[in-house]
Amino acid sequence: MFPCLADQGVSLTILEIYDAQGNVNQNFLKSFLASKAANIKNVDALIRVNDAFAPEDVCNAVAHALPEQFNGNVWFEVLGKPERWSLPVNDRIHYLENLTKACKDHGLKPGMFSNRYDWTFTMGCREKGSDILGAIPLWYLNQDGKANFDDFGSMGFGSWEKPQMKNYQLSTYICNYMIWNVNYYKTE
């Protein structure tokens, strides 16, 4: 699959490293190595955030599971799924700040993945954020089919002034494989 994706111009794969039940993805290394062998330039990792797990434990598990040569972003997926949030709404930003700090302390490059609806549901307010979170990259979801950031003024949230990446399309076939998300990003 990965050589075909590379032939189609795919330059980034994002692979789940930590699921919402607190498990490390045992297939991450295999998929990471396959991506790199296919000359896919960038490989990132995804943590499905669940506040039942201590930030230090999450980041420690992820840091130990990532290969030594990993240098991508580790994205925190924040969705409005009630089963992932046990803390009071007012403590959730602080939890994400602690997760950010813990992962940075482990040498990881954290980023945030969410959308304005899930963020508002989870945080209680669309604008809720912090300087710590606003300083990490944002990958947002708005599946409007447009590979640009023109919608960020109306679809933005938290304390981010500009995004790094946008999930703009759901479910497409590339190389006879279902690709769940198609993303737009600019490299600088």
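Residues numbered from 1 in each chain as written. Predicted model: local features only at pLDDT ≥ 70, side-chain atom pairs only at ≥ 80, totals over all residues. Heavy atoms only, no water.

As a further point, take the pattern of salt bridges. What the rule picks out here adds up to 5 salt bridges. The partner of Arg 48 in a salt bridge is Glu 77, and the shortest N-O contact between them spans 2.7 Å. Highlighted residues: Arg 48 in strand E2 (residues 42-48) and Glu 77 in strand E3 (residues 73-77), separated in sequence by 29 residues. Taking the relative accessible area as the measure of exposure, Arg 48 reaches 24% and is therefore partly exposed. (Salt bridge = Lys/Arg side-chain N within 4 Å of Asp/Glu carboxyl O. Helix = DSSP H or I, 4+ residues; strand = E, 2+ residues; numbered from the N terminus. Buried < 20%, exposed > 50% of the residue type's maximum accessible area, 1.4 Å probe, protein only.)

Another point: the packing of aromatic side chains. In total, this model carries 12 aromatic pairs according to the counting rule given. An angle of 50° between the planes, with centres 6.1 Å apart, marks the rings of Phe 32 and Phe 70 as tilted. Of this pair, Phe 32 sits in helix H2 (residues 28-37) while Phe 70 sits in the loop between helix H3 (55-65) and E3, and the two are 38 residues apart along the sequence. A residue is classified by how much of its surface remains accessible, and Phe 32, at 1% relative accessible area, is buried. Judged by centre distance (5.5 Å) and plane angle (70°), the ring pair of Trp 75 and Trp 139 falls under edge-to-face. Taken together, the residues span a long stretch of sequence, with Trp 75 in strand E3 and Trp 139 in strand E5 (residues 138-141) at a distance of 64 residues. (Phe/Tyr/Trp six-rings, centres within 6.5 Å; stacked < 30°, edge-to-face > 60°.)

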